[in-house]
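Secondary and tertiary structure notes
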Amino acid sequence: FGKDYPDPHLRDRTTVGLKRHHIFFGKLISDYILLAIYSVAAFLIFITVSVVFQLSAGAIEMEIIKEFAFNLLVAFPLFMAGVTIGNMFLFMFRKKVRAFTAYIITVVIIPRIIMFFGAAPFSVAFLRSIKDKVLLTPQFTALQFYATRDIPKILVSSAIYIAAACTIGCICYSKKVFES
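Read on for an overview of the structure. (Residues numbered from 1 in each chain as written. Predicted model: local features only at pLDDT ≥ 70, side-chain atom pairs only at ≥ 80, totals over all residues. Heavy atoms only, no water.)

Focus on unusual backbone geometry
In this structure, the amide linkage connecting Ala120 to the following residue, Pro121, adopts the cis form with an omega of 10 degrees. Looking at the element boundaries, Pro121 is found in the loop between α3 (96-118) and α4 (125-133). Phi at Ser123 is positive, roughly 50 degrees, even though this residue is not glycine. As for its placement among the helices and strands, Ser123 is situated in the loop between α3 and α4. (Helix = DSSP H or I, 4+ residues; strand = E, 2+ residues; numbered from the N terminus.)

Some remarks on the packing of aromatic side chains
Across all of its chains, the model carries 10 aromatic pairs by this definition. Each ring, one from Phe116 and one from Phe117, has its centre 5.0 Å from the other, and the planes form 80 degrees; the classification is edge-to-face. Overall, the relative accessible area of 47% leaves Phe116 in the partly exposed class. For Phe117, a relative accessible area of 32% translates into the label partly exposed. Grouped by ring-pair contacts, the aromatic residues Phe24, Phe25, Phe91 and Tyr173 constitute a single cluster. Across the ring face of Tyr173, the terminal group of Arg20 is positioned such that the distance to the ring centre comes to 5.5 Å. (Phe/Tyr/Trp six-rings, centres within 6.5 Å; stacked < 30°, edge-to-face > 60°. Buried < 20%, exposed > 50% of the residue type's maximum accessible area, 1.4 Å probe, protein only. Lys NZ or Arg CZ within 6 Å of the ring centre and 35° of its normal.)

Overview of the environment of Leu135
As for its position among the elements, Leu135 is in the loop between α4 and α5 (137-143). Sequence separation of Leu135 and Ser157 is 22 residues, and the distance between their C-alpha atoms is 8.3 Å. Each residue touching Leu135, except ones within four places of it in the same chain, is listed here: Pro111, Ile114, Met115, Ile130 and Tyr161. (Contact = heavy atoms within 4.5 Å.)

Here it is in structure tokens:
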């Protein structure tokens, strides 16, 4: 994203003939490709660091590597939802500072407030139900434990967040007016 990237008046070889939603989804797909590359890199870094720090203890157990790979694979839809929400905000706002601020408020601050008031000692029933059924953030903490891992919930909630963020992002970007 440069200063003029989401500007529909900017036309070069890569954007000629593209509608705004094509630009939005093109950028989103490139973000997903980068996410996949970073995920593979994270996996390779995990193995490398584990081997380096466990040289004296022997080789890392294959079960640990499989567990990390499985958790990374299960978390991938959650990462995709986060990237889609970020993409939505970048296309909604002309200034990146506003997009980053909206992302932090939406993905970090509001969920933390809901989690705080939805847990003991407050345990507001409405917020507890949102915390348990709607928020993406607690799903990351549940990934590491087999007993609390709910893969169908992760897939469904991620798909809903991705669809909602794509819809909102496309609508806002399509209605966005750019000053010349």
